[in-house]
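Listed here are the chains, written in short residue letters.
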Amino acid sequence: MPVLTETLYTAEALSTGDGRNGHVATTDGRIDLDLAMPPALGGTGQGANPEQLFASGYAACFHSALRLMARSTKADMSYSTVTAGVSIGSEADGNMGLAVTLLVDLPNVAPQAAQDLVQAAHGVCPYSRATRGNIQVELRVAESR
């Protein structure tokens, strides 16, 4: 397991209440949300949920990694987007597990170059590195318009 040799930043959040039906807040106050399980899991859906927070973080982190990789190729990243879908469900052993689909849209990059950039970003994105071998992550490049 890789070990950090230098910590550059640490985010800290506190969960209170009833877990998935409780409240989360970061210690710096930037995030302060009520949580609610989605209807598909028997909840009201009247709040954010951990899968949405994870999807948001993964999409943003992967997009940054993608843009970093694109700099070396001078790819046109105008109008680029990354959509992260985080699914929760049952695994074969009966435990709950996660799966992620990353849909990358690079409208100004040729299809093969887009595939290459996505693979390169997946190699360096901290979220991809953290999830590798732990959960299913599907990488998809949007069809050219």
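Residues numbered from 1 in each chain as written. Predicted model: local features only at pLDDT ≥ 70, side-chain atom pairs only at ≥ 80, totals over all residues. Heavy atoms only, no water.

K.L.:
Looking at this structure, how should I read the pairing of strand S4 (residues 81-90)?
P.N.:
In the case of a regular strand, side chains alternate between the two sheet surfaces. The pairing of S4 with strand S5 (residues 96-105) spans 10 bridges and is antiparallel. Paired with Gly85 across the two strands is Thr101, which belongs to S5. Between S4 and S5, which follow one another and run antiparallel, lie five residues, and Gly94 among them has a positive phi close to 95 degrees. (Pairing = 2+ DSSP bridges. Helix = DSSP H or I, 4+ residues; strand = E, 2+ residues; numbered from the N terminus.)

K.L.:
Is there a simple way to explain the sheet that holds strand S2 (residues 23-26) in this structure?
P.N.:
Two pairing modes exist for strands in a sheet, parallel and antiparallel, and in both the strands are linked by backbone hydrogen bonds. Strand order in the open sheet formed by three strands is S1-S2-S3, and the pairing between neighbours is antiparallel. The sheet is open, and its two borders are formed by strand S1 (13-16) and strand S3 (32-34), each paired with just one other strand. The sheet shows a mean angle of 15 degrees between the axes of neighbouring strands, direction not considered. Taken together, the three bridges between S2 and S3 define a ladder with antiparallel strand orientation. In the strand pairing of S3, Val24 is matched with Leu33. (Axes fitted to C-alpha atoms, helices over the stretch in contact; angles between N-to-C directions.)

K.L.:
Explanation requested: the packing of helix H1 (residues 50-73) against helix H2 (residues 111-124) in the structure shown.
P.N.:
Two packed helices can be described by the angle between their axes and the distance between those axes. Interhelical geometry of H1 versus H2 gives an angle of 120 degrees and a closest axis separation of 8 Å. Relative to H2, the element H1 lies oblique. For the pair H1 and H2, the crossing hand works out as right-handed. On H2, the residues that touch Tyr58, Phe62, Ala65, Leu66, Met69, Ala70 and Thr73 of H1 are Leu117, Val118, Ala120, Ala121, His122 and Val124. In terms of residue class, the contact of H1 with H2 is made up of 11 nonpolar, two polar and no charged. (Parallel < 35°, antiparallel > 145°, perpendicular 65-115°, else oblique. Left-handed = near helix turned anticlockwise from the far one by under 90°. Contact = heavy atoms within 4.5 Å. Nonpolar A, V, L, I, M, F, W, Y, C, P; charged D, E, K, R; others polar.)

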